[in-house]
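# Results of the structural survey
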Amino acid sequence: MMVDPTLAEMGKNLNEAMKILEDGRKASEPDADRRQFSRSSIPGPLQGDGQDVASILQLVQNLMHDDEEEDKPSHRRMQNVGEQGHMALLGHSLAAYISVLDRERLRKLITRIASDTTLWLCRLFRYESGSAYYHEDDREGLLKVCRLVLNTRYEDYSTEGYTVLNSRQPVIYQSATCRPGLGQHLCSQLGLPLSSLCTVPCNTMFGSQHQMDIALLDKLIREDVETGKLPLLLIANAGTPGAGHTDKLGRLKELCEQYGMWLHIEGVNLATLALWEVSSPVTAATRSDSMTLTLGPWLGLPAVPAVTLYRHEDPALSLAAGLTSSQPVEKLRALPLWLSLQYLGHDGIVEKIRHAVELSQQLLEKLKTLASIKTSDELDSEISFVDALTMVEDELNSPVVVFRFSQETSAESSGGSVEGYFAGEREVLDSLNRWLCERLAQLVPSSGVDIVELEDEGTCVRFTPLMTAAALGTQRCDVDLLVERLIELIPVLNCTLRLRLDFREEVYRHSALSYIEDLNWPGLGAVRYEPRIEELNDSKRKLEVEKINSELLVKLQELDADLIFSTGLEFGPEKDCIFIGMATEDLDVAELVDTIAALGRDIEENGRLLENMTEVVRKGIQEAELQLQKDNQDKLMEEGVLRQIPLVGSVLNWFSPFQSTVKGRTFNLAAGSLDSTEPTYSMKAQTGGLASPETPTSSAKRLPGQRLFRRDGAGGSDSHSETSSVGQAEDLSRERFPQPTTPTPPSPVPDEAVSVVPESPETPQRPPTQENGEVGTQEGEEEEREPVGQEAPVEETGR
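Residues numbered from 1 in each chain as written. Predicted model: local features only at pLDDT ≥ 70, side-chain atom pairs only at ≥ 80, totals over all residues. Heavy atoms only, no water.

## A closer look at the overall build of the chain
What counts, and what does not: Numbering of helices and strands runs from the N terminus, with a helix taken as a DSSP run of H or I at least four residues long and a strand as a DSSP run of E at least two residues long. Here's how the labels work: a residue is buried when its accessible area is under 20% of the maximum for its type, exposed when over 50%, partly exposed in between, all with a 1.4 Å probe on protein chains only. In this analysis, two residues are considered to be in contact whenever any of their non-hydrogen atoms come within 4.5 Å of each other. With residues, only the protein chains shown are counted as cover, and all accessible areas are computed by Shrake-Rupley using a 1.4 Å probe.
Helix and strand content of the chain: 23 helices and 21 strands. Taken over 799 residues, the chain has a buried fraction of 43%. Pairs at least 24 apart in sequence give 70% of the contacts found in the chain among residues at least 6 apart. For the chain, the accessible area works out to roughly 44400 Å², and carbon and sulfur atoms hold 53% of it.

See the structure below:
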């Protein structure tokens, strides 16, 4: 068989290029070399001789993966580019190569590619007698369809333009659950005023809350017709962007035929048309006038165009609307899809879509097997409530599963109302569901779960395997793992939601703490330490609050605890406060709040000490200078004038040494006073008086291996259960500073009754024993066993 050498070389180069790019993360070159290559790749003058293909691909690889060294690890999803992906990428290369063929050969080739692809898609998705338009932007097909309808309904539109619209203003109807900004994009591209866009609300009394209200739509159309407007087009959903619900397409088609409107359908549920078993609401999509298919995400094909299938009998109007083109190169957009469909085959395409639908059904069934699931039959919107989970379902065969964490409340609050036992519960539940989705995405990145905001339900977690499974390679084991992680996270969410109120009440009991109400924070809450400084103005007080709370945050983060302390959301409204993360069942909230208050008080007092240190040191230095002058004068009076003469004084000191009675001085920074050094030399140890009680900076005495802020379990000891921060500090003080072993502290005695060891360079003498000789021996043994740094025992005499 004859092989085109250019095609063979193209396929070889593509395989080599994909191998280099996909192995970028596994490159064995040192990090320094990669950073050097990245710095050298800064845009500059083009090299005169150019670069080879390998160097250019290496540059692309570094641009793709260079930021991974600087960014912190995250759950970023990378699409799995398999063999079918290589075929799609090869299609883009082939399109460039085919475009240089001669016109006649090019025309035959693109005609074959376009006709084959259109025929396959129409048969695959049961859309008979349809034409296809391939486009990069998934909104472009609908835009071209609108132009086709304008040319059809307004005969002089191609020649007169927008002036013919003045006679009867066209109206485009869309559901309230359509993609955000879709209608505005159509109006801006078509040159229509926003008054030509009519958004139809969803059902409020009967039917699903995510489906278009057909009765209200009929009423709006009649009103527009009566006012002289022209109903032009209706945009319906076969799988809403949020929850994946399908409108009643059969009834909508009848309504469009009644008023002569064009029906366009889009949505992820259109993929199920390729299956043998299709739900009746989705089957009605085959009767629509046009529909948009996004095959790239459904089949895991990168860089393939979206397809809009439509039915129209006038090729001239299709050409005027841009649905067909006389330029052969534009028709080559179908080439990547043509190659990929042939590679997968009919069975491969159906298997991918079936696999995605089975994954969603597997997750739905797994959630229903939880013991705490309670299904509500009161809502036709098919919202089933779980003990700690709410699932939003559409039809049984819907490939979209949306679930939401819900609090444990009574059955009365399970009727759809999210307002419960405290104000702002809706916002709190939304923040917790955002945290839940982020955690699930981190723990099971191949699941592809994401966050969706629904108008009635609030923030939910969405699982759409049709849009993610083919790209991420999601398997049944990933769904099982997702459910396991979900079961593990539900108790954490319940505990956090329940302990938020306890945390707020405990904060209110401390005058130095302020509770910060931030409903968007997924955790226990936020607190701010308020220093007791009244003489400062607002600006200085703000700086002091910021300083203390920043230091307090650092100290809390250094504690051995399971809680997460942070500054909150990056763009949150609250600043200079401490946010506490998710909690567990055994959290001691009272101990946590007491520790925060104690640490803040410790930081505040230390800060005041440092502020007063300058003044204390200055006064102490002045006092020390005066005392030194006085000591020098006393020394001069004691030694005499002769000892001050250099030569005479040395001889005199040699024959008659003089023992000075001038005492040394020490400067106590903490007390700001001058003290004598006589106790230091007499007891051979430096003393600082009685140690002041330490400010509590830790939690209660814990068992080995027990973390902070944990309540004791069933087997724990009662001796260290819930205690106050003052008692905790006393226990730690006893551990750090051991007390004397005598049963009672010694009572103070008069100065004349206390004898101390005199200052001498020799070894101090042992105190005399009593009459029976036992007391002196015991005290001598205690002195020998006494560690360095403790005070020597004092003997009491005169008994």
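From this point, the discussion proceeds with the structure in view.
## Describing the pattern of salt bridges
For side chains of opposite charge, pairing can occur when their charged atoms come near one another. Applicable threshold: Salt bridges, as used here, are contacts in which a Lys or Arg side-chain nitrogen is within 4 Å of a carboxyl oxygen on Asp or Glu.
As enumerated under the stated definition, the model contains 20 salt bridges in all. Of the charged contacts in the structure, one is a salt bridge between E585 and R498, with a shortest N-O distance of 2.8 Å. A residue pair is termed long-range when its members are at least 10 positions apart, and E585 in the loop between β17 (578-580) and α19 (589-639) and R498 in helix α17 (residues 476-508) qualify at 87 residues. Accessibility expressed as a relative area gives 45% for E585, which makes it partly exposed. Owing to a relative accessible area of 37%, R498 belongs among the partly exposed residues under this scheme. Within the structure, one salt-bridge network assembled from shared partners comprises D138, R179 and E266.

## Considerations on the pairing of strand β12 (residues 450-454)
In plain terms, the rule: Pairing between strands is defined by DSSP: at least two bridges between them are needed.
Note that β12 and strand β13 (residues 458-463) share five bridges and pair antiparallel. Across the sheet, the residue bridging to D450 is R462, located in β13. Hairpin connection, β12 to β13: the antiparallel pair is bridged by three residues.

## A word on the packing of helix α14 (residues 335-368) against helix α16 (residues 465-472)
Stated formally: Each axis is a line fitted through C-alpha atoms, and for a helix only the stretch in contact is used; angles between axes span 0 to 180 degrees, taken between their N-to-C directions. Any angle from 65 to 115 degrees is called roughly perpendicular, while one under 35 is roughly parallel, one over 145 is roughly antiparallel, and all others are oblique. In this scheme, a crossing is called left-handed if the near helix is turned counterclockwise away from the far one by less than a right angle; it is called right-handed if the turn is clockwise. Three residue categories are used. Nonpolar comprises Ala, Val, Leu, Ile, Met, Phe, Trp, Tyr, Cys and Pro, charged comprises Asp, Glu, Lys and Arg, and polar comprises the others, including Gly.
α16 packs onto α14 with a crossing angle of 115 degrees between their chain directions and a minimal axis gap of 9 Å. Between α14 and α16, the interaxial angle falls into the category roughly perpendicular. The two elements α14 and α16 cross, and the hand of that crossing is right-handed. Contacts between α14 and α16 pair I353, A356, L359 and S360 from the former with P465, L466 and A469 from the latter. Looking at the contact of α14 with α16, its residues break down into six nonpolar, one polar and no charged.

## Some details on the confidence of the model for the chain
Caution is warranted with low-pLDDT regions, since their predicted coordinates should not be read in detail. Under the convention used in this document: Each residue carries a pLDDT score, the predictor's own confidence in it, on a scale running from 0 to 100.
Scored by pLDDT, the chain has a mean of 75; 67% of the residues are at 70 or more. The low-confidence segment residues 69-75, where pLDDT is below 50, has seven contacts with residues more than four positions distant or belonging to other chains. Taken as a whole, residues 689-700 scores under 50 in pLDDT and shows 26 contacts with residues more than four places along the chain or in a different chain.

## Examining the pairing of strand β15 (residues 525-529)
Of all five residues in β15, five are buried, a share of seventy percent or more. Side chains of β15 alternate between two faces, with G525, V527 and Y529 and A526 and R528 buried alike. As judged from the three bridges shared by β15 and β17, these two strands associate in the antiparallel manner. In the sheet register, G525 faces β17, and the bridge partner there is I580.

## Quick word on the sheet that holds strand β4 (residues 230-237)
Within the open sheet, the seven strands sit side by side as β1-β7-β6-β5-β4-β2-β3. Their pairing is mixed. Strands at the two margins of the open sheet, each flanked by one partner only, are β1 (131-135) and β3 (197-200). On average, adjacent strands in this sheet sit at an angle of 20 degrees to one another, irrespective of strand direction. Pairing between strand β2 (residues 170-175) and β3: four bridges, direction parallel. Bridging from a neighbouring strand, S175 pairs with V200 of β3. Lying over the sheet, helix α5 (residues 103-124) contacts β1 and β7 (306-310), oriented at roughly 110 degrees with respect to β1. Relative to β4, helix α6 (residues 140-153) is tilted by about 155 degrees, and along the sheet it contacts β1, β2, β4, β5 (262-266), β6 (290-293) and β7.

## Here's the deal with the packing of aromatic side chains
As a reminder of what qualifies: Stacked, edge-to-face and tilted are the three classes for Phe, Tyr and Trp ring pairs, Trp counted by its six-membered ring, which pair at centre distances within 6.5 Å; planes under 30 degrees apart are stacked, over 60 edge-to-face, the rest tilted.
Counted under the stated rule, the structure contains four aromatic pairs. With centroids separated by 5.9 Å and ring planes inclined at 70 degrees, the aromatic side chains of Y508 and Y515 adopt a geometry described as edge-to-face. Ring pairs connect the aromatic residues F503, Y508 and Y515, which therefore count as one cluster.

## A short note on the packing of α5 against α14
Taken N-terminus to C-terminus, the directions of α5 and α14 make an angle of 30 degrees; their axes are 10 Å apart at the nearest point. Regarding the angle of α5 to α14, the classification is roughly parallel. α14 is crossed by α5, and the crossing has left-handed handedness. Where α5 abuts α14, its residues I113, D116, T117, W120, L121 and L124 lie against L335, L337, W338, L341, Q342, H346, I349 and V350. By residue class, the composition of the contact of α5 with α14 is 10 nonpolar, three polar and one charged.

## Quick notes on a nonpolar patch on the surface
Applicable threshold: The patches described consist of residues with a relative accessible area above 30% and no salt bridge, like charges being joined within 9 Å and nonpolar side chains (Val, Leu, Ile, Met, Phe, Trp, Tyr) within 5 Å.
Among the surface-exposed residues, I645, L647, V648, V651, W654 and F655 lie close enough to one another that they form a single nonpolar patch of about 710 Å² accessible area. With respect to the helices, strands and loops of the structure, W654 is situated in helix α20 (residues 646-655).

## As for helix α10 (residues 249-259)
Turn by turn, an α-helix covers 3.6 residues, leaving residues three or four places apart pointing in a common direction. What α10 keeps buried is the set L249, G250, L252, K253, L255, C256 and Y259. On its buried face, α10 sits against α9 (214-226), β4, β5 and α11 (280-283). A positive backbone phi angle near 65 degrees is found at G260, which sits one or two residues after α10.

## A closer look at the side chain of R500
Operational definition: Working convention for charge: Lys and Arg count positive, Asp and Glu count negative, and His plus the chain ends are omitted.
Within the element layout of this structure, R500 appears in helix α17. Buried within the structure, R500 lacks any salt-bridge partner; its nearest side chain of opposite charge belongs to E517, at an N-O separation of 4.8 Å. The contact partners of R500, leaving out residues within four places of it in the chain, are V428, Y515, D518, W521, G523 and L524.

## Observations concerning unusual backbone geometry
In this structure, A303 takes a positive phi of about 60 degrees despite not being glycine. Inspection of the secondary structure assignment puts A303 in the loop between α12 (295-299) and β7.

## Brief notes about the side chain of S325
Applied cut-off: Polar contacts, as used here, are pairs of N or O atoms within 3.5 Å; protein pairs need one atom able to donate a hydrogen and one able to accept it. Residues neighboring in sequence count only if both atoms are side-chain atoms.
By secondary structure assignment, the location of S325 is in the loop between α13 (315-321) and α14. Here S325 falls in the buried class, since its relative accessible area comes to 19%. In terms of polar contacts, S325 uses its side chain to reach the backbone amide nitrogen of Q327, at 3.0 Å. Within the structure, the side chain of S325 is placed 3.0 Å from the side chain of E330, a separation counted as a polar contact. Residues contacting S325, with those up to four places away along its chain left out, are L319, E330 and K331.

## Considering the sheet that holds β15
Taking strand neighbours across the sheet as the criterion, the four strands line up as β14-β15-β17-β16 in an open arrangement whose pairing is antiparallel. Each having just a single partner strand, β14 (513-516) and β16 (565-566) make up the two edges of the open sheet. Contacts from helix α18 (residues 538-558) reach β15, β16 and β17 within the one sheet, and its direction differs from that of β15 by about 125 degrees.

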